[in-house]
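Structural features, examined
The lines below spell out each chain.
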Amino acid sequence: MAPGADAALLVVDVQNDFLPGGALAVPEGDAVIPLINRIAPRFANVILTQDWHTPDHLSFASQHPGKAPFDMAAMPYGEQVLWPDHCVMGGPGAALHADLSIPHAQLVIRKGHHRGVDSYSAFLEADRRTRTGLDGYLASRNIRHLFIAGLATDFCVAWTAIDARQLGLEATVIEDACRGIDLNGSLARAWRDMEALGVQRIRSDMVG
Ligand code: VGL
Ligand code: ZN
């Protein structure tokens, strides 16, 4: 398939901290980079996201005495996984990986920059109220179909795809151009939740 003018590729969080050697490395995360680089030129519209946290972000286990990474904590908006410190705004771990080559990308959305609220989704923060503005950007550019690739399948990719559907957009996850963290079954759950909402699933060799 060739993506139309009303489609955009959304490249989620291909940042050093989510790649091998990074603070929150996603297994085989680097495998997505050549696939994303290959398909990106097929899209007239490309949007990138960056996870972008304050150094004292409350999604970090280091901010919760007695807690360790991957424990849970009760936040005002619900249960939150606690992560190793990662993607600190402006730091090397938050930078897009140097091998990602998408010079024609038009927008970078940074998310998770409010200290007390995490944001897996590129649309809505974890309080499920605060918007990033991506919905307005897509609407004003008449983009109605998001193709999503990147890291991590079961967190930022899935939450973004689910919110896209709930906002009335078409959403297609390019499955081999994503990798997951898979915490306590989160990867299977994410695919189940995405499919229940009509998120489509394709492979990167179907693009172009
Ligand atoms: C992500 C965990 C914490 C992601 C971001 O990009 O999927 N996961 N912050
Ligand atoms: Zn994060």
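Now for a look at the structure at hand. Not measured: the values here are computed from a predicted model.

Most of helix α3 (residues 153-166) is tucked away, with 12 of its 14 residues classed as buried. T153, D154, F155, C156, V157, A158, W159, T160, A161, I162, D163 and A164 are the residues of α3 that are buried. Looking at the buried residues of α3, the elements they touch are β1 (7-12), β2 (46-51), β6 (145-151), β7 (170-179) and α4 (186-196). Downstream of α3 by one or two residues, G168 has phi in the positive range, about 90 degrees.

Below, the discussion takes up the pairing of β6. Within β6, six of the seven residues are buried, leaving the element largely enclosed by the surrounding structure. For β1 and β6, the ladder comprises six bridges, and the chain directions are parallel. Of the residues in β6, the one forming a bridge with V11 is A149. As judged from the six bridges shared by β6 and β7, these two strands associate in the parallel manner. Within β7, the position partnered with H145 by the bridge is E170. Following the backbone out of β6, through α3 and into the adjacent parallel β7, one traces a crossover that is right-handed.

What follows covers the pairing of β1. Of all six residues in β1, five are buried; the element is thus mostly enclosed. Note that β1 and β2 share four bridges and pair parallel. Note on β2: the bridge partner recorded for L10 is I47. The β-α-β motif built from β1, the intervening helix α1 (residues 32-39) and the parallel element β2 has right-handed crossover chirality.

A separate point is α1. Taken residue by residue, α1 has V32, I36 and I39 as its buried positions. End-on, the buried residues of α1 take up no more than an arc of 70 degrees, which puts them together on one face. Of the surrounding elements, those touching the buried residues of α1 are β1, β6 and β7.

For sheets, the rule is that strands pair by backbone hydrogen bonds, running either parallel or antiparallel. Overall, parallel pairing links the six strands, which are arranged β5-β2-β1-β6-β7-β8 in an open sheet. Strand pairing shows two members of the sheet lacking a second neighbour, β5 (107-111) and β8 (200-202), which therefore form its edges. In this sheet, neighbouring strand axes are inclined to one another by 25 degrees on average, regardless of whether the strands run parallel or antiparallel. Examined bridge by bridge, β7 and β8 share three bridges and lie parallel to one another. Within the sheet, the bridge partner assigned to T172 lies in β8 and is Q200. Most of the contacts of α1 go to β7, to which it runs at about 135 degrees, and overall it touches β1, β6 and β7.

Next up on the list: unusual backbone geometry. For the bond from L151 to A152, the omega torsion is -10 degrees, close enough to zero to count as cis. Looking at where A152 falls in the secondary structure, it is placed in the loop between β6 and α3. The phi torsion at E28 lies on the positive side, around 60 degrees, for a residue other than glycine. Assignment of secondary structure puts E28 in the loop between β1 and α1. For E28, a count of 12 C-beta atoms within 10 Å gives the class exposed. Positive phi values are uncommon outside glycine, yet R128 reaches one of about 65 degrees. Checked against the element boundaries, R128 lands in the loop between β5 and α2 (134-140).

The rules behind the values
Residues numbered from 1 in each chain as written. Chains lettered and ligands numbered in written order. Predicted model: local features only at pLDDT ≥ 70, side-chain atom pairs only at ≥ 80, totals over all residues. Buried ≥ 20, exposed ≤ 12 C-beta atoms within 10 Å, placed from the backbone. Helix = DSSP H or I, 4+ residues; strand = E, 2+ residues; numbered from the N terminus. Contact = placed C-beta atoms within 7 Å. Pairing = 2+ DSSP bridges. Right-handed = clockwise from strand over helix to strand, strands pointing away. Arc of directions from axis to C-beta. Axes fitted to C-alpha atoms, helices over the stretch in contact; angles between N-to-C directions.

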